[in-house]
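Residues per chain, in single letters:
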Amino acid sequence: MDQGDVSTDCYCRRRARIHTSWTDENPGRRFATCMNSRKNGCSFRKWNDDPMCQRSKMIISGLLRRINANEAEIKKLKKIQKKEKCRMVVLVVNNKKQHKF
């Protein structure tokens, strides 16, 4: 299915918005909801994409977990890098102070 197959009008005759699900059960699957569902309680929800086979769900979910783990590792390493830069600055300043006298 393409995005054209989704109704653009919800139950309250508002324009529907396309979202992407990132749950384990529907990874990467697109769906439409009412743009005002939070304000007026419209319950319109329609899937835009066909369901995926179980193997695709497993593969995509595994890849997403690996991406999230890699992003967490990058964040951790950036913190370490920042601490090390600060430590290097302190060492350079201390070294300059020692050589002045």
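From a predicted model like this one, the values you see are computed outputs, not experimental measurements.

Draft legend 1. Quick peek at the packing of aromatic side chains. The final tally for this structure, using the stated rule, is two aromatic pairs. Here the aromatic rings of phenylalanine 31 and tryptophan 47 are separated by 5.5 Å at their centres, their planes lie at 70°, and the arrangement is edge-to-face. Taken as a pair, phenylalanine 31 in strand β2 (residues 30-34) and tryptophan 47 in strand β3 (residues 45-47) lie far apart in primary sequence, 16 residues in all. Judged by its relative accessible area of 28%, tryptophan 47 falls in the partly exposed class. For arginine 29, the ring lying beneath its charged end belongs to tryptophan 47, and the centroid distance is 4.0 Å. Stacked on the ring of phenylalanine 31, the Lys or Arg arginine 45 has its end atom at 4.2 Å from the ring centre.

Draft legend 2. Seen up close, the side chain of aspartate 49. Mapped onto the elements, aspartate 49 comes out in the loop between β3 and α2 (54-100). In this structure aspartate 49 comes out as buried when scored by relative accessible area, which is 15%. A distance of 2.7 Å separates the side chain of aspartate 49 from the side chain of arginine 30, its partner in a polar contact.

Draft legend 3. Structural view of the pattern of salt bridges. For the structure on display, the rule yields four salt bridges. Between aspartate 49 and arginine 30 there is a salt bridge; the shortest N-O distance is 2.7 Å. Of the two residues, aspartate 49 sits in the loop between β3 and α2 while arginine 30 sits in strand β2, which places them 19 residues apart along the sequence. Under the relative-accessibility criterion, arginine 30 is labelled partly exposed at 23%.

Conventions adopted
Residues numbered from 1 in each chain as written. Predicted model: local features only at pLDDT ≥ 70, side-chain atom pairs only at ≥ 80, totals over all residues. Heavy atoms only, no water. Phe/Tyr/Trp six-rings, centres within 6.5 Å; stacked < 30°, edge-to-face > 60°. Helix = DSSP H or I, 4+ residues; strand = E, 2+ residues; numbered from the N terminus. Buried < 20%, exposed > 50% of the residue type's maximum accessible area, 1.4 Å probe, protein only. Lys NZ or Arg CZ within 6 Å of the ring centre and 35° of its normal. Polar contact = N/O pair within 3.5 Å; in protein donor to acceptor, adjacent residues only side chain to side chain. Salt bridge = Lys/Arg side-chain N within 4 Å of Asp/Glu carboxyl O.

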